[in-house]
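What follows is the residue order along each chain.
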Amino acid sequence: MNDSERVEFTAEMKKDYKILIPTMLPRHLKMLASLMTVYGYDAELLENSGREVIETGLKYVHNDTCYPATLVVGQFINALQSGKYDVNKTALFFTQTGGGCRASNYISLIRKALKKAGYGFIPVISLNFVGMEKNEGFKLTLPMIRRMLYSVLYGDIIMTLANQAKAMEVHRGDAEAKADYWTKKLVEELGKSTPFTYGKIKRTYRELVRDFASISMTSENKIKVGIVGEIYVKFSPLANRDLENYLISEGAAPVMAGLLDFLLFYVYGRIVEHDMYRTHKKSIGLLKIAYKVFLKKQKDIIDVIKEESDFEPPTPFEHTVELAKPYINLGVKMGEGWLLVAEMIEHIDKGTNNIICTQPFGCLPNHIVGKGVMKIVKERNPGVNIIAIDYDASASEINQQNRIKLLLANATKEE
Amino acid sequence: MQPLSKEVSVGVDIGSTTAKIVIRDGEEVIFKKYERHYSQVRQKTLSLLKEAEPYLRDKKVKIAISGSAGMGVAQVARLQFVQEVYATFALVEEREPDTEVVIELGGEDAKIIFLKGGVDERMNGTCAGGTGAFIDQMASLLNVTPDELDEMSLKCGKVYPIASRCGVFAKTDIQPLINQGVSKNDIAASIYMAVVNQTIAGLAQGRKIKGKVMFLGGPLYYNQGLRKAFKETLKLEDENALFPDYSLYAVALGASIFAGKADKTYLYDKLIEKLEEAVKARREVASMPPLFADDDEYKEFKERHDKETVEFADINTYSGNAYLGIDCGSTTTKLVLINDKKDILWQYYNSNKGNPVDVVKDKLKEVRTLCGDRITIKASAVTGYGEQLILNAFHVDRGLVETMAHFMASKQFQPNVDFILDIGGQDIKCIKIKNEAVDSIMLNEACSSGCGSFIETFAKSMGYDTREFSKLGIKGNAPVDLGSRCTVFMNSSIKQAQKDGVSVENISAGISVSVIKNAIYKVIRANSPTELGEHVVVQGGTFLNDAVLRAFEKEIGKNVVRPAIAGIMGAYGAAIYSMGLEQEESTLLSLEELEKFTHTSKASVCQGCTNHCALTINIFSDGGRYVSGNRCEKMTSKGKIDEKLNLYEYKRQYFSNLCAPHKEGAKVIGMPLQLGMYDLAPLWVGIFENLGFNVKLSGLSSRETYLLGQDSIPSDTVCYPAKLMHGHIEQLIKENVDAIFAPCLTYNIDEKAGDNHYNCPVVAYYPELLKDNMDILQEVHYYAPFLNICDEKELAREFVVTMPKDIIDADQKRYLEAVKAGFEKYRKYKEDLFAETEKIITRARELNKKIMVLAGRPYHIDPEISHGIDLLACSLGFAVITEESIAPRIGDVPTNILNQWTFHQRLYRAAHYVLTQDDMELVQLVSFGCGIDAITTDEVRSIIEKEGRIYTQIKIDEINNLSAVNIRLRSLIGALEMREDKK
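Residues numbered from 1 in each chain as written. Chains lettered and ligands numbered in written order. Predicted model: local features only at pLDDT ≥ 70, side-chain atom pairs only at ≥ 80, totals over all residues.

Student: Outline the overall build of chain B, supporting the account with residue identities and numerical values.
Tutor: Tallying secondary structure elements over chain B gives 37 helices and 30 strands in all. Out of the 983 residues belonging to chain B, those deemed buried represent 60%. (Helix = DSSP H or I, 4+ residues; strand = E, 2+ residues; numbered from the N terminus. Buried ≥ 20, exposed ≤ 12 C-beta atoms within 10 Å, placed from the backbone.)

Here it is in structure tokens:
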């Protein structure tokens, strides 16, 4: 990487630049934007969407690049062109895992697109935990990472509960209202600089779960549909044509694992590599500690949900790992790697026999971990339906819906 | 009011092109009807029901709607919808319960339903053609009706390989066969075979089709040849192949079964009322502003373009010299005769009706007759797809590559032309001109040819003539947004638009805009009009369509020049070119010779090398022959390839002779020679030979390798090299190896040049995928361990952990010895490769030849992957070397992207090295479906173009046709020559 040409986010810029964050997980990232203010950043979650974003993306990104890149770039450039922001006082923000799939190159693609669009001077901040691309004006501190972790956890709980409640609620809109209420409340809480204790966080968990549990729900037997897939397409309503709500409108109940699993996968993946190849020798101690901490955080959430509600809690990650092992080697780490397979099995394990595997058209890792495992997963779990749905700018909605309807028709028959 | 006596159940199936209705009274069918709906989905449903009034009035009507276009109708009319596959399922259960598999082909849908042993349904996804619409399209390409196509197929002698993944690919394969004069009977059968392969590979995806199979849908109902192809390929006995007489109505019948089970009943009038409302209702669809705001705007447009014309002279009165240009394009043939002043004396433009030789012969006779003794044809030139065939058949003086022909013609209209966009029947060509020379050329990739013939076929399918259809587009008030990917996607988008009840006018306009967007954003990849240039000339038959032209002007926000002769520019340019030859008399056949001219063709297989090209030998009445279909000129009189100038060939030989002779009694370990193995095989062979094994590499791939493994490929969009892996495994098992070794490598060799040293996900993990998708691997010892090759000791340790003791019993020390031997063999390979590279470069320079760095991945040397492009380059006069052979000559290079893959960092280094060598040109090979190349191509291009050099990219897939590659490489040569002339 040619670091000399990169526009750095300087300490000077930190003073008055606005940092734009793309929509992937709207609720999680809204909290992230908020908590960044505590550390002196002025961050904003982008909310522009629709055909314009896609068209803009297509203009500035190679058409064969995966769909998430098109959307992220489209959203950024569309925002910059909207006149809403002072482009001379704006920076962009994106995550980078440094894995072997092309998603690690999104940052470069964003920069290339910026250059093409005449915004080559705008800095792009890479959020990563492997020390790629240093910026004088953006430093991850431990307290900030801690706050970020809680924004992920809060976001996960809201998403998990809201999905389940939405599918079963008696009064349409109850769950969404609660989710909005809690997102707003937690955005405020995370944006306050006053330190908060873990005890307080756990109390918040409890209140949150109780509140969702108070929604009146039907006892109807709905078809559960597990959503797995490439992380951006799986989570982003912009990318997956609002798949969750579509499923709910079709009378099904969507289920999906949260973002924490991906973080755990990321950390645990390095421990696995250390095991297999003796790499990451220097960081292994730290990785193991981080893994333990994450597991504990997950357990606390599971406990609260179990104690306070009838909602289905997340699967303990160590169990998730065990579920994957008979199907795929844990050395498959690119993209969502073995985690994607694990999530399929996790759904089956919990009685969700219908699974939609979402990916951008031509997604490289998903040839292996998505479509590549369907045969064996179906063989070993008779009665399980899995379909793959590819998303891109031109994929026809009718074909996608047709496939989903087929899945649901099949599910109805099985029951 | 009479009491309602009876219940009837109505099933309606609205597919992509047809609507079907079935009415049943109990089990008995009392009414059925099958009609094309020409995208008037809601009206057609309504009219079908009205037609059935006598059977519905005064009955309790139960109804269910099915089909891909039926979803919208059902939704708006609030009627019961049944998923189509599911409807089929219900029908089968009722009629033929012991059926195991249902194969149904529809207009644009294809599906397989597995009924036994785990119910499973497979439908064509976002990337798949090869259905009824595809067969229709192919028939019109051959200029026959679908029925005639069927009859012809039954008389076939030889089946040619035609890419089966999507219609566009297949078409690219078929076109050269037509142009080469292959018998239509053979082509017809080959088309059906492609559909069969498509269904099996694309849909069954590894699941075996066996037992009783029921075939449904229009194409399988009407086409005997297709039935035969399916039956034979699947090896089905007569009693296991069901072709029921209700085949066309299967889904509608199934829907009626569902209707019967419903509680809700309607009265006829109520039902009609519901549908009438639906016809009125319009859902919001993504649309764009109209092409013309008002009539005045259209008038201004018309007048402006009418001015761009050429002078004409009367051939009946003119006497003097004349020059003839012929453009034998993919679907059309064009001829132009000009005088000394470049005025047009005579012209011809029409479809080549699948037989360009006959068309050209007739027209030459006509022009020779018209010329008589008054006009002397001094010179002639031919360009286009059929260039070589026509050149040889009629003794045309000279052939030239079409890009040059278009440039020459465009200059007549716009002397300062700096950008030419040509959209023809099935190709898009963009030519950028800088300093009076062709600066770069872009051709559409095989996947994006939403070009002229697409509009034509689509117009036909809707029951319109092309011209009429495009005129409708001008009137569209809100063109539908169809996206800009490939034809197949567009078909689905149109389906969606039909479902939403969009008018034909707006669909037509939408298609025009899509074709243009495709050209601009997919082929040219421009992001602002200034990038295209100041003086844009558009041409090609597709631009005769005003809607397309307008869409282009609107999209780039600039007026452009469309010569009045936009359709014949290639021929016009060829004529002008021939004028420059300054000849006394053309060698073109005389009228007498033309009278006697006949042409026959026969198929043959070249035995010149392992490629075994399918050849077509054209024999002309004067004894002349023209062989086509071959990748190289090796076996024809014209060319001789200097094999000492081809590093691809050297590498192939090297890998073919890599393994030591087998020792008696030692165990044989097999390795698939594909993907990363094309680089690392010396390492693994070295290790296992040191451990005392006989090593067997699966060898170079061929089409058969692919066919051998195609039914276990789980993802139809993965790259072709990965797909070939399945065949290599089958090959090894056939050879009875004792074990198969295929390592999974997250990390490749660290060449210390880049930010990381990953393999791409597919190269890294494909062996893991094979384990669970190829049942046959249960029968052998298959080892796909996860290894790290960056450290010798560590690798030895991992061998101890991962290799089973029953096949190798070695300790870490022993493994370390073997690993060291392996790395030694790998080092030796690299050393030999670099030495050979140096030899080739030196020799090329002695012979004053240009050196082509044919850059891609190590596995691109496989003859089934690069399809002989290296040989073609050699026969065009290049010496060929590879990216990894020169990458080490330069260290780590700066990049604008994250440089994290071992194979790919070599590309950037090679590109930088090429910049330092005046006699080297870089041509990049890109595997279709390689996501990473979306990143590398932009980067390599920017490295090369920064220094003003020419970047050429070639996309490769299972596609087996070198014509497009030929154009590209010859244009490259043309551009280089023009640049040299400038100096």
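Student: I'd like a description of the overall build of chain A, backed by residues and values.
Tutor: Helix and strand counts for chain A stand at 17 helices and 8 strands. Scaling as 2.2 N^0.38, a compact globule of 415 residues should have a C-alpha radius of gyration of about 22 Å, and chain A matches this with 21 Å. Considering only contacts within chain A whose residues lie at least 6 apart along the sequence, 73% involve residues at least 24 apart. (Rg over C-alpha atoms; globule rule 2.2 N^0.38 Å. Contact = placed C-beta atoms within 7 Å.)

Student: With reference to specific residues and values, describe the domain arrangement of chain A.
Tutor: Residues and elements named next belong to chain A. According to the domain assignment, chain A consists of domain 1 (3-139) and domain 2 (222-257 + 316-415). A separation of 28 Å is found between the C-alpha centroids of domain 1 and domain 2. Opposite the 16 residues of domain 1 that make contact, domain 2 presents 18 residues. Looking at the side of domain 1 that touches domain 2, the elements that each hand over two or more residues are helix H3 (51-60) and helix H4 (67-81). No other element matches the 4 residues that H4 contributes to the side of domain 1 that touches domain 2. (Domains from an automatic or database assignment.)

Student: Pulling in residues and values, what's your account of the packing of helix H11 (residues 259-277) of chain A against helix H12 (residues 284-308) of chain A?
Tutor: Residues and elements named next belong to chain A. Closest axis-to-axis distance for the H11/H12 pair is 9 Å, and the angle between their directions is 145°. Two packed elements cross with a definite hand, and for H11 against H12 that hand is left-handed. Contacts from Leu260, Leu263, Leu264, Val267, Tyr268, Arg270, Ile271 and His274 in H11 reach Ile284, Leu287, Lys288, Ala290, Tyr291, Phe294 and Gln298 in H12. Taken together, the residues of the contact of H11 with H12 break down into 11 nonpolar, 2 polar and 2 charged. (Axes fitted to C-alpha atoms, helices over the stretch in contact; angles between N-to-C directions. Left-handed = near helix turned anticlockwise from the far one by under 90°. Nonpolar A, V, L, I, M, F, W, Y, C, P; charged D, E, K, R; others polar.)

Student: Just give me the short version of the interface of chain B and chain A, but keep the residues and values in it.
Tutor: The interface of chain B with chain A comprises 58 residues on the first partner and 56 residues on the second. Mapped by element, the contributors of at least two residues to the side of chain B that touches chain A are helix H4 (84-95), strand E8 (120-123), helix H19 (487-499), helix H20 (504-524), helix H29 (761-773) and helix H36 (933-946) of chain B. Ranked by residue count, the leading element in the side of chain B that touches chain A is H29(B), at 8 residues. Taken together, the residues of the side of chain B that touches chain A break down into 24 nonpolar, 24 polar and 10 charged.

Student: Give me the nonpolar core: which residues, what numbers.
Tutor: Membership of the largest hydrophobic core comes to 347 residues, with the highest contact counts inside it found for A:Ile110, B:Val853 and B:Val880. It is helix H8 (residues 184-204) of chain B that contributes the most residues to this core, 13 residues altogether. Residues in contact with B:Val853, not counting those within four places in the same chain, are B:Ile881, B:Glu883, B:Ile886, B:Ala910, B:Val914, B:Met920 and B:Leu922. (Core = buried A, V, L, I, M, F, W, Y, C linked by C-beta atoms within 7 Å.)

Student: Before we move on, could you go through helix H15 (residues 387-394) of chain B and cite the residues and values that matter?
Tutor: Residue and element names in this part refer to chain B. With 7 of 8 residues buried, H15 lies mostly within the body of the structure. When H15 is considered as a whole, its buried residues turn out to be Glu387, Gln388, Leu389, Ile390, Leu391, Ala393 and Phe394. Of the residues trailing H15, His395 is marked for its positive phi of about 55°.

Student: How would you sum up H4(A)? Please name residues and give values.
Tutor: Residue and element names in this part refer to chain A. End to end, H4 covers 21 Å across 15 residues, agreeing with the expected 21 Å (1.5 Å per residue, within 8%). In terms of burial, H4 is a largely internal element, 14 of the 15 residues being buried. Where H4 terminates, the next one or two residues include Gly83, which has phi positive at roughly 85°. (Expected span 1.5 Å × (residues − 1).)

Student: Describe the pairing of strand E14 (residues 375-383) of chain B, and please don't skip the residues or the numbers.
Tutor: All names here are of chain B. Most of E14 is tucked away: 8 of the 9 residues are buried. Sheet topology places strand E11 (residues 320-328) next to E14; 8 bridges connect them, and they run parallel. The partner of Asn321 across the bridge, within E14, is Thr376. With 2 bridges joining them, E14 and strand E15 (residues 398-399) adopt parallel strand pairing. Looking at the pairing, Ala381 lines up with Arg398 of E15. For the segment spanning E14, H15 and E15, crossover handedness is right-handed. (Pairing = 2+ DSSP bridges. Right-handed = clockwise from strand over helix to strand, strands pointing away.)

Student: Pulling in residues and values, what's your account of the sheet that holds strand E29 (residues 920-927) of chain B?
Tutor: Residues and elements named next belong to chain B. The parallel open sheet is built from 4 strands, whose spatial order is E28-E27-E29-E30. Each having just a single partner strand, strand E28 (878-881) and strand E30 (952-956) make up the two edges of the open sheet. For this sheet, the mean angle separating the axes of adjacent strands, direction not counted, is 30°. Sheet topology note: the strand E27 (residues 850-855)/E28 ladder contains 4 bridges and is parallel. From the neighbouring strand, Lys850 faces E28, where its bridge partner is Phe878.

Student: Quick one: what's the story with unusual backbone geometry, residue by residue and with numbers?
Tutor: Among all residues save glycine, negative phi is the norm, and among peptide bonds the norm is trans. Residues and elements named next belong to chain B. One non-glycine residue, Arg78, lies in positive phi territory at about 50°. Tracing the sequence through the fold places Arg78 in the loop between helix H3 (70-77) and strand E5 (81-82). Positive phi is not limited to glycine here, since Lys235 has a value of about 55°. Note on Lys235: 9 C-beta atoms within 10 Å, which makes it exposed.

Student: Could you give me a rundown of the packing of helix H28 (residues 720-734) of chain B against H29(B), with the residues and numbers involved?
Tutor: Residues and elements named next belong to chain B. Look at H28 against H29: their axes get within 11 Å of each other, and the N-to-C directions meet at 40°. Here H29 runs oblique to H28, going by the angle between their axes. Where H28 crosses over H29, the handedness of that crossing is right-handed. In this structure, H28 uses Ala722, Met725, His726 and Ile729 to contact H29, whose residues at the interface are Val762, Tyr766 and Leu770. Class assignment for the residues of the contact of H28 with H29 results in 6 nonpolar, 1 polar and no charged. (Parallel < 35°, antiparallel > 145°, perpendicular 65-115°, else oblique.)

Student: Let's hear about the environment of B:His912: which residues, and what values?
Tutor: Residues and elements named next belong to chain B. Locating His912 in the fold gives a position in helix H35 (residues 902-915). His912 sits in the buried class, given 21 other C-beta atoms within 10 Å. Linking His912 and Gln710, residues 202 residues apart in sequence, is a C-alpha distance of 39 Å. The contact partners of His912, leaving out residues within four places of it in the chain, are Ile890, Val893 and Ile943.

Student: Could you give an account of the environment of B:Lys554, naming the residues involved and the relevant values?
Tutor: Residue and element names in this part refer to chain B. Among the structural elements, Lys554 can be located in helix H22 (residues 546-556). Overall, the presence of 16 C-beta atoms within 10 Å leaves Lys554 in the partly exposed class. Placed 41 residues apart in sequence, Lys554 and Val513 show a C-alpha to C-alpha distance of 9.2 Å.

Student: Tell me about the environment of A:Thr95, and name the residues and values.
Tutor: Residue and element names in this part refer to chain A. Tracing the chain through its elements places Thr95 in strand E3 (residues 90-95). For Thr95, a count of 17 C-beta atoms within 10 Å gives the class partly exposed. Taking the C-alpha atoms as reference, Thr95 lies 9.4 Å from Phe129; in sequence the two are 34 residues apart. Once residues lying within four places of it in the same chain are set aside, the contact partners of Thr95 are Leu127 and Asn128.

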